[in-house]
Amino acid sequence: MSRYHNALLLGDTADCIAVLEESGNMPLAYISAKLHKRIQVVIETNGGSVEGLMDKVDTSTKKAGCLLQPPTPIVRSDNWPTLPIEKHTLEDLEAAAAEAEHSGEEEYHDAIPAHAAPEPSATAWGGDDLDEGDMGGFGDDDLDLGGDGGWDDELDLGDDFGDKHDAAAPPDEMDGIQNVSDDATFDMPPAGRAPAGCWVANSSHAADHVAAGGASSALQLLNRQIAASEFSVLKDTMIGCYLGSTMSLPGVPGSGSMNIPLLRNDAGGHPGSDSLPRTSLKISNLVAGIRSGYRFFQGGKFNDSKNSFTDVLKKIPLVITENRNEANEVKEMLEICREYITAIRIKGAMSGCASDPVRSTELSAYFTHCNLQPIHLLLALRSAMGTAFKHKNFILAASFARRLLELPDMASERNADLRVKATKVLQKSEQMARNEHTLNYKENTTFYIDCKEFVPIYSEAESAKCSYCGSHYSESMKGMVCTTCTFSTVGVQTIGLVTGS
């Protein structure tokens, strides 16, 4: 059966008829021969008689026969898909060597007659064809080959130089033929390097390692560079970075899809082994997140604002910049997120201790020392001024009123009512000129805010910083996870955030 199938697929009608005859299917053999106009073959093999063959075939339902032919190939080539590889065996090399030797001897004998053979006394360079009489005006004194002349003999022949009468032996092209093994085969060229392997080798950025699927090396880089330790916080961001570096291209029906790597340095052609992946996170994503946080902060939706800034903090370690300006912009965004998250956390602590006049006044004062946008600092100063004036801390209230009136936005018409109110608070506070409570707050002294206890740290030497976001803590927080970014360790000295590959 397989023989008939092969003949049918190859279009070998003679073999198809022969198989049918050998198997005893004479009606089918005769019909096939008639369709393919090979009746004579069946007549010869059947002893010259074809009587009764068509009587056994029911042709009542058959309108016409169909000639079966193999499908036309899409790519017409002589040896597709094979690659022509010239292989030499030991016998081929020996035959080629014998043929070359035989042809060389014939050419030599044809080119040099017997009477032209050199004399035994001649050297390997031939006889002395230079006659002294033909040298013209060059006498013995004109050509001095001695060692005292201006031209020194710089050619050092050494002790290994053979006899000048010995001709240099021609290289033996068949040298080493005995070293050829019988199983000598064609050596395929080495395979190219996978894109993922190139990405890991060409970059020291965690995003490129994540895109290549090297989660282990990416986590090691994050731990060494920014002391990241709580990696579960970065899980969703890393998965998105991995999925965004490849494209799935559907294949032909019945075949699987192909994963095609996306490159960011292929503008001038394929970079080859210097390729780098295209990551899904860009600076535009960070800018959108910060704008969203600003909008929520302006509207008083502090929880939503904190979530937006926290999300940006998670994305920054996996964003790759192209130049120094972008790197500085990313680091500036990191500081913005840190300041706003700290301010929002202080605002939440203020709500929890509203009944404590001392603590609420201190927190409102710390709130104004966060590096906020001018429009948001205006809101913080207004809140702190009201809190201090309410709890009869008039010295502090006057300070907040002055800072509020010095803001450029206070000159606008929309803030006219607030300007009048701040002026009245300043006048009243200057009249009273006392604080009702003793506060842990020195307005004219530079300090850092402890992002866990929300108390001032006046000496940087006594504080510990987060290796990633730069939040300050007391020394007791060393080795613990930062409460601002929630994934880096406090007090570990590292190289810091790496923004380029």
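For the structure, see preceding data.
In short, a report on the structure. (Residues numbered from 1 in each chain as written. Predicted model: local features only at pLDDT ≥ 70, side-chain atom pairs only at ≥ 80, totals over all residues. Heavy atoms only, no water.)

Assigned secondary structure in the chain consists of 16 helices and 6 strands. When the 501 residues of the chain are sorted by exposure, 31% land in the buried category. Contacts spanning at least 24 positions in sequence make up 59% of the contacts within the chain whose residues lie at least 6 apart. For the chain, the computed accessible surface area is about 32,800 Å², with 51% contributed by carbon and sulfur atoms. (Helix = DSSP H or I, 4+ residues; strand = E, 2+ residues; numbered from the N terminus. Buried < 20%, exposed > 50% of the residue type's maximum accessible area, 1.4 Å probe, protein only. Contact = heavy atoms within 4.5 Å. Areas by Shrake-Rupley, 256 points an atom, 1.4 Å probe, with all protein chains shown as cover.)

Turning to the side chain of Ser364, a few remarks are in order. Take Ser364: it is sitting in helix 13 (residues 357-367). Judged by relative accessible area, Ser364 falls into the buried class, the value being 1%. At 2.7 Å, the side chain of Ser364 and the backbone oxygen of Thr361 are in polar contact. Leaving out residues up to four positions away in the same chain, Ser364 has contacts with Met350, Ala384 and Thr387. (Polar contact = N/O pair within 3.5 Å; in protein donor to acceptor, adjacent residues only side chain to side chain.)

Each α-helix turn comprises 3.6 residues. Residues three or four places apart therefore point the same way. Over its 16 residues, helix 10 (residues 283-298) extends 23 Å from the first C-alpha to the last, a length consistent with the 22 Å expected when each residue adds 1.5 Å. Here helix 10 has its buried residues at Ile283, Leu286, Gly289, Ile290, Ser292, Gly293, Tyr294 and Phe297. Of the residues trailing helix 10, Gly300 is marked for its positive phi of about 80°. (Expected span 1.5 Å × (residues − 1).)

Within the structure shown, the criterion is met by 0 disulfides. A disulfide-free cysteine, Cys451 has its sulfur positioned 6.7 Å from the sulfur of Cys482, the nearest such atom. (Disulfide = S-S within 2.5 Å.)

Helix 13 sits mainly inside the fold: 8 of its 11 residues count as buried. Turning to helix 13, its buried residues number three or more, namely Ser360, Thr361, Glu362, Leu363, Ser364, Ala365, Tyr366 and Phe367. Those residues of helix 13 hidden inside the fold are in contact with helix 10, helix 12 (324-352), helix 14 (374-390), helix 15 (394-405), strand 3 (448-449) and strand 4 (456-457).

Phe309, Ile316, Ile346, Phe400, Leu404 and Tyr468 are the most contacted members of the largest nonpolar core, which has 78 residues in total. The dominant element in this core, judged by the number of residues it contributes, is helix 12, at 11 residues. (Core = buried A, V, L, I, M, F, W, Y, C linked by side-chain atoms within 4.5 Å.)

Our focus in this paragraph is the environment of Ser275. If you trace the backbone, Ser275 turns up in the loop between strand 2 (258-261) and helix 10. On a C-alpha basis, the gap between Ser275 and Asn202 in space is 7.7 Å, while along the polypeptide they are 73 residues apart. Setting aside residues no more than four positions away along its own chain, Ser275 makes contact with Pro195, Cys198, Trp199, Asn202, Leu263 and Asn265. In this structure the side chain of Ser275 is engaged in a polar contact, spanning 3.4 Å, whose partner is the side chain of Trp199.

The subject of this paragraph is the packing of aromatic side chains. Working definition: an aromatic ring pair is given by the centre-to-centre distance plus the angle between the planes. Applying the stated criterion across every chain, the model contains 11 aromatic pairs. Where Tyr294 meets Phe309, the ring centres are 6.0 Å apart and the plane angle is 65°; that geometry is what we call edge-to-face. Taken together, the residues Tyr294 in helix 10 and Phe309 in helix 11 (residues 302-315) connect sequence positions 15 residues apart. Measuring from ring centre to ring centre gives 5.0 Å for Phe309 and Tyr340, while their planes differ by 25°; the resulting arrangement is stacked. Residue Phe309 is located in helix 11, and its partner Tyr340 is located in helix 12; the two are separated by 31 residues in the primary sequence. The burial state of Phe309 is the same as that of Tyr340; both residues are buried. (Phe/Tyr/Trp six-rings, centres within 6.5 Å; stacked < 30°, edge-to-face > 60°.)

On to a nonpolar patch on the surface, then. On the surface, Ile239, Tyr242 and Leu243 cluster together to form a nonpolar patch covering roughly 310 Å² of accessible area. Mapped onto the secondary structure, Ile239 falls in helix 9 (residues 235-243). Residue classification places Ile239 among the partly exposed residues on the basis of a relative accessible area of 40%. (Patch = residues over 30% accessible without salt bridge, like charges linked within 9 Å, V, L, I, M, F, W, Y side chains within 5 Å. Salt bridge = Lys/Arg side-chain N within 4 Å of Asp/Glu carboxyl O.)

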